[in-house]
Amino acid sequence: MNQHWSADAIFYHIYTLSLAQADFHNDYSAQRHAFSEIEKWLPHIKNLGCNAVLFSPVLKSRTHGYDVTDYCQIDNRIGTNSEFQALVKLFHDNGVRVVLDSVFNHCGRDFFAFQELQSGNKEYADWFSGVDFSKTSPLGDSFTYDTWAGHYELPKFNLRNEYVRRYLLDAAKYWIDTFDIDGMRLDAADVLEFSFMSELRRITAAQKPDFWLMGEVVHGDYAKWISADSLHSVTNYIMFKSLFSSHNDNNLFELAYNQQHTVPLQGLPLYNFLDNHDQPRIASNVHNLAFLGTLHTLLFTLPGIPSIYYGSEWGIQGKKENNSDQPLRPYININSPPNDVPWLEGYIRKLANIRQEHKALKHGGYRQVYLEYHKPLVFERRHDDERIFVAINIGNQHEHINLAEEHHGGFLDLLSGGRIEQHSTNSIHIAPYSSLIIKAE
């Protein structure tokens with residue numbers, strides 16, 4: 001059975017509106033042509049070792065992209081449909097898959113059906129969930145309605161309405177036909193109708209057999225969303241949390257426990273990340289920047305699909321301010337990128353190359369080998385005859401590990417390129433705040 005292309009993917013996640021230097025509020029009056037700014041990032045993305053890109057929403061919206069106004073038009077603050085079509089082709093010509101962040105749970109208040117409802121056309125009441133004409137909304141509407149997370153700027157669709165479903169599914173088919181995208185990240189998938197996601201899987205697979213669907217799921221049993229009839233993958237928020245908190249608490253048991261018990265059979269192809277457009281930059285989320293090395297080692301060697309959020313390869317900082325996500329989504333000039341952690345970009349590039357060259361790290365099983373409190377975590381990834389051991393030391397002391405019972409021969413150090421000979425009385429040294437990725441020979 002052939003592996004889906006996503007199993008070999010290393011993602012680069014871009015918040016498109018920021019890199020396009022778009023104004024936050026869209027008055028829809030000006031047509032800009034800013035995809036050339038995104039195009040400039042392509043050499044860097046490839047050089048970093050990424051072969052897939054996730055674009056945050058690029059469809060026309062009023063503000064941040066998740067309040068969609070038109071599901072068939074590229075946002076006028078970024079460019080035109082034909083310009084995005086050309087950008088996708090350019091990425092494809094360079095061996096980079098393109099995934100689009102897609103919003104099916106809710107829309108913006110400027111979406112045509114909601115505006116019809118505002119104007120008194122009650123034929124569109126069933127397009128939205130929980131419409132109640134006996135109450136007014138906090139934004140002054142003559143009715144109230146369900147929203148995403150209490151945000152009345154984001155009216156929630158009624159996905160059981162056949163006209164809504166058909167509109168959104170037709171939009172998805174249009175994106176594949178027009179832009180030739182390779183997949184979608186479904187925003188707020190944890191509150192989407194399962195029947196809608198199943199129908200989306202069917203229609204996208206019919207148009208493009210290797211089309212990929214990944215859902216944003218923050219809480220819940222991931223196995224409920226991932227199946228042959230629903231999504232291929234979901235966001236691994238459990239691992240995200242345990243990665244940085246295990247480091248900050250100098251206690252890798254949290255990470256190890258989740259890896260052992262949270263993912264059924266350790267077989268789900270989850271989307272792994274250290275930060276994203278909704279979460280603090282990883283350099284702001286850890287107490288010690290030395291952790292950035294071991295964190296990225298884990299990102300690239302644990303089971304799952306790794307993703308780098310643009311700019312974090314340079315160790316940039318960023319936290320929410322006044323409940324705003326904008327500090328997490330800055331403009332960065334790729335011609336003069338930041339250099340906050342000078343060694344990190346090169347280290348990520350090395351990890352990406354190691355991952356792509358070794359099937360055990362992409363397709364292999366996971367087995368915990370060793371873990372004690374304030375001691376290194378050691379695990380094995382194995383695929384056919386290839387065995388790779390990963391050791392993580394997040395402490396400030398030199399440590400030693402002994403793998404004589406696991407393997408009686410030597411090892412190739414994949415990070416340094418050197419050889420390690422180990423006999424029954426020897427142990428392998430691991431420096432403070434460092435990692436080992438060693439292949440059994």
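Source: prediction; values computed, not measured. (Residues numbered from 1 in each chain as written. Predicted model: local features only at pLDDT ≥ 70, side-chain atom pairs only at ≥ 80, totals over all residues. Heavy atoms only, no water.)

Undergrad: Help me understand the nonpolar core in this model?
TA: As a rule of thumb, soluble globular proteins bury nonpolar side chains together. Counting 130 residues, the largest nonpolar core has Tyr71 and Trp175 as the members making the most contacts within it. Setting aside chain neighbours within four positions, we find Tyr71 in contact with Leu59, Val103, His106, Cys107, Phe111, Phe157, Tyr167, Leu168, Ala171 and Trp175. (Core = buried A, V, L, I, M, F, W, Y, C linked by side-chain atoms within 4.5 Å. Buried < 20%, exposed > 50% of the residue type's maximum accessible area, 1.4 Å probe, protein only. Contact = heavy atoms within 4.5 Å.)

Undergrad: Teacher, can you tell me more about the sheet that holds strand β20 (residues 434–440) here?
TA: Think of a sheet as strands paired side by side through backbone hydrogen bonds, with each pair either parallel or antiparallel. The six strands are arranged β13-β14-β15-β20-β17-β18 in an open sheet whose pairing can be described as antiparallel. Every interior strand has two partners, whereas the edge strands, β13 (365–370) and β18 (419–420), have only one. Bridge count between strand β15 (residues 386–393) and β20: six bridges; the pairing is antiparallel. Paired with Ala391 across the strands is Leu436, a residue of β20. Across the sheet, helix α9 (residues 253–261) lies against β13 and β14 (377–383), angled at about 140 degrees from β13, the strand it touches most. (Pairing = 2+ DSSP bridges. Helix = DSSP H or I, 4+ residues; strand = E, 2+ residues; numbered from the N terminus. Axes fitted to C-alpha atoms, helices over the stretch in contact; angles between N-to-C directions.)

Undergrad: Help me out: how do you make sense of the packing of helix α8 (residues 237–248) against helix α11 (residues 291–301) in this one?
TA: Running from N to C, α8 and α11 cross one another at 150 degrees; their axes reach a closest spacing of 11 Å. One finds that α8 runs roughly antiparallel with respect to α11. Crossing geometry of α8 relative to α11 is assigned as right-handed. Between α8 and α11, the contacting residues are Met239, Leu243, Phe244, His247 and Asn248 on the first element and Phe291, Thr294, Leu295, Leu298 and Leu299 on the second. (Parallel < 35°, antiparallel > 145°, perpendicular 65-115°, else oblique. Left-handed = near helix turned anticlockwise from the far one by under 90°.)

Undergrad: Explanation requested: the sheet that holds strand β5 (residues 97–102) in the structure shown.
TA: Ordered in space as β10-β9-β8-β5-β2-β1-β12-β11, the eight strands form an open sheet in which the pairing is parallel. Of all strands in the sheet, those bounded by a partner on one side alone are β10 (233–234) and β11 (271–273). The sheet contact formed by strand β9 (residues 212–215) and β10 spans two bridges and is parallel. By the bridge assignment, Gly215 is partnered in β10 with Val234.

Undergrad: For this particular structure, what's the right way to read the pattern of salt bridges?
TA: Pairing between side chains becomes possible if they bear opposite charge and their charged atoms approach one another. Considering all chains together, one arrives at 31 salt bridges under this definition. Measuring nitrogen to oxygen at the nearest pair gives 2.8 Å for the salt bridge that ties Arg77 to Asp75. In this pair, the class of Arg77 matches that of Asp75, namely buried. The salt bridge partner of Lys375 is Glu399, with a shortest N-O separation of 3.2 Å. Of this pair, Lys375 sits in the loop between β13 and β14 while Glu399 sits in strand β16 (residues 399–401), and the two are 24 residues apart along the sequence. On the basis of relative accessible area, Glu399 is assigned to the buried category, the value being 10%. Each of the salt bridges in this network shares a partner with another, and the network as a whole consists of Arg97, Asp180, Asp182, Lys208 and Asp210. (Salt bridge = Lys/Arg side-chain N within 4 Å of Asp/Glu carboxyl O.)

Undergrad: What am I meant to see in the environment of Gln207 here?
TA: Examined against the element boundaries, Gln207 turns out to sit in helix α7 (residues 194–207). Beyond its immediate sequence surroundings of up to four residues, Gln207 is in contact with Lys173, Ile176 and Asp177.

Undergrad: Could you clarify how one ought to interpret the side chain of Asn76 in this entry?
TA: Looking at the element boundaries, Asn76 is found in the loop between β4 (68–74) and α4 (81–93). Leaving out residues up to four positions away in the same chain, Asn76 has contacts with Asn26, Tyr28, Ser29, Ala30, Gln31, Arg32 and Lys60.

Undergrad: Whenever I open this one, unusual backbone geometry confuses me. Can you help?
TA: What is expected of a backbone is that most residues other than glycine have negative phi and most peptide bonds are trans. Positive phi is not limited to glycine here, since Ala149 has a value of about 55 degrees. Unlike most non-glycine residues, Asp384 shows phi in positive territory, near 55 degrees. Topologically, Asp384 is positioned in the loop between β14 and β15. Asp384 gets classed as exposed once you look at its relative accessible area, which sits at 63%.

Undergrad: Looking at this model, I keep getting lost on helix α6 (residues 162–179). Mind explaining?
TA: Since the α-helix advances by 3.6 residues per turn, residues separated by three or four positions end up pointing in the same direction. Here α6 is 18 residues long and its end C-alpha atoms lie 25 Å apart, about the 26 Å a rise of 1.5 Å per residue gives. Considered for burial, the residues of α6 that qualify are Val164, Arg165, Leu168, Leu169, Ala171, Ala172, Trp175, Ile176, Thr178 and Phe179. If you follow the buried residues of α6, they end up packed against β3 (59–61), β4, α4, β5, β8 (183–186) and α7. By the N-cap criterion, in which a side-chain oxygen at the helix start approaches the backbone nitrogen of a residue two or three places on, α6 is capped by Asn161, the distance to Tyr163 being 2.7 Å. With its phi angle positive at about 60 degrees, Asp180 sits one or two positions after the end of α6. (Expected span 1.5 Å × (residues − 1). Polar contact = N/O pair within 3.5 Å; in protein donor to acceptor, adjacent residues only side chain to side chain.)

Undergrad: Sorry, what's going on with the packing of aromatic side chains here?
TA: Remark: the centre distance and the inter-plane angle together describe each pair of aromatic rings, the angle taken between the planes. Going through the model one piece at a time under the given rule, you end up with 45 aromatic pairs. When the centroid spacing of 6.1 Å and the interplanar angle of 80 degrees are considered together, the rings of Tyr174 and Phe179 count as edge-to-face. The exposure class assigned to Tyr174 is partly exposed, which follows from its relative accessible area of 28%. For Phe179, a relative accessible area of 1% translates into the label buried. (Phe/Tyr/Trp six-rings, centres within 6.5 Å; stacked < 30°, edge-to-face > 60°.)

Undergrad: I'm lost on the packing of α8 against α9 in this one. Help?
TA: For any two helices packed against each other, one specifies the crossing angle of their axes together with the interaxial distance. Remark: α8 packs on α9, axes separated minimally by 8 Å, with the N-to-C direction vectors making an angle of 160 degrees. Considered as vectors, α8 and α9 are oriented roughly antiparallel to each other. Where α8 crosses over α9, the handedness of that crossing is left-handed. Contact residues: Ile238, Met239, Lys241, Ser242, Leu243, Ser245 and Ser246 in α8; Glu254, Leu255, Asn258 and Gln259 in α9. A class-by-class count of the residues in the contact of α8 with α9 yields four nonpolar, five polar and two charged. (Nonpolar A, V, L, I, M, F, W, Y, C, P; charged D, E, K, R; others polar.)

The analysis is restricted to geometry; functional conclusions fall outside its scope.
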